[in-house]
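In case you want the letters, here they are:
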Amino acid sequence: MELMHGASLLSRPAEEFGNDSLVEEMWAAKALEHAEVHFNLLTSVPPAQLRLTPYDDQIYATFRQDFPDLQVARLSDDILKSATEKLKWRQFAEKFNKMEDYSYGTLMRADASKEFSPDNSIFVFRVQFLAIEIARNREGHNDEVHKRHKPAKKPQINSETAQ
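Residues numbered from 1 in each chain as written. Predicted model: local features only at pLDDT ≥ 70, side-chain atom pairs only at ≥ 80, totals over all residues. Heavy atoms only, no water.

**Describing the overall build of the protein chain**
Each helix and strand in the protein chain was counted, giving seven helices and two strands. From first element to last, N terminus to C terminus, the protein chain shows the α and β order α-α-α-α-α-β-β-α-α. Taking all 163 residues of the protein chain together, the buried fraction comes to 37%. Long-range contacts, defined as pairs at least 24 residues apart, comprise 67% of the intrachain contacts of the protein chain with a sequence gap of at least 6. (Helix = DSSP H or I, 4+ residues; strand = E, 2+ residues; numbered from the N terminus. Buried < 20%, exposed > 50% of the residue type's maximum accessible area, 1.4 Å probe, protein only. Contact = heavy atoms within 4.5 Å.)

Shown next as C-alpha cells:
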C-alpha cells in the first residue's frame, strides 16, 4: 500500500514538492531498484542479445550519430555533465520525449567492467542510461561483467538418482 502511495506521489508535477526529502528518498529507492534489476538482466543474458526497449535500434543510431567519439566503457560526471555535454544530452533526450520515463533519474555504472557500488555509480536520466547501456551491450563493453557475474547453473537432477 505504501509503495502504491509512493508511486502515485512520484507521478505528480515536480513543482508541487520543492526539495521534499521523502520524494528524494523514494526516487533514490526506485533508482536503486532499477539498477539491481538491470544488473541481474546483464548477468543473466548475453549482453549482445539483451534488448532494453523496443526502440534500441533507434536509440543506438541516434546516440552514435550525436556522440560518435564517446568512449562508453568508463565514464564520469566530468565527461557527462560539463556545460557543453549537458546541452548535447538535453538535445539528445528531447528526440525521445515521447518515450515513457525518458527523463527519470537512473543509476548507471561508471565503469562497465565492474558491478554497481557507491563508487561506481553515476546518476543520469533514463534515455541517457539506455543510450550508453545499449552501446555497451553492442560494442562488447558489458561482456566482462556478464562473464564474471553470470549466475551459476543449477545442477540438473538425474531422474535415476532422484529415486
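**Things to note about the environment of Met108**
Here Met108 is to be found in strand β1 (residues 105-109). Judged by relative accessible area, which is 0%, Met108 ranks as buried. Separated by 73 residues in the primary sequence, Met108 and Ala35 have C-alpha atoms spaced 7.0 Å apart.

**Re the pattern of salt bridges**
Evaluation of the coordinates by the stated rule reveals 11 salt bridges. Between Glu133 and Arg109 there is a salt bridge, with its nearest N and O atoms 3.3 Å apart. In this pair, Glu133 is assigned in helix α6 (residues 126-138) and Arg109 in strand β1, connecting sequence segments 24 residues apart. The class for Arg109 is buried, based on a relative accessible area of 0%. Among the salt bridges present, the one from Lys114 reaches Asp111, with a minimum N-O distance of 3.9 Å. For Lys114, a relative accessible area of 45% puts it in the partly exposed group. Judged by its relative accessible area of 10%, Asp111 falls in the buried class. One continuous salt-bridge network, built from bridges that share partners, spans Arg51, Asp57 and Arg138. (Salt bridge = Lys/Arg side-chain N within 4 Å of Asp/Glu carboxyl O.)

**Section: the nonpolar core**
Judged by nonpolar contacts, the single largest core of 30 residues is most densely connected at Phe63, Leu80, Trp89 and Phe92. Only α2 (21-44), α3 (56-66), α5 (83-94), β2 (121-125) and α6 provide two or more residues apiece to this core. Counting residues per element, this core draws most heavily on α6, at seven residues. If near-sequence neighbours (up to four positions away) are discounted, Phe92 is found in contact with Ile59, Thr62, Phe63, Asp66, Phe67, Val127 and Ala131. (Core = buried A, V, L, I, M, F, W, Y, C linked by side-chain atoms within 4.5 Å.)

**Brief notes about the side chain of Thr53**
Along the chain, Thr53 falls in the loop between α2 and α3. Classification of Thr53 by relative accessible area gives buried; the value is 11%. Within polar-contact distance, the side chain of Thr53 engages the backbone nitrogen of Tyr55 at 2.8 Å. (Polar contact = N/O pair within 3.5 Å; in protein donor to acceptor, adjacent residues only side chain to side chain.)

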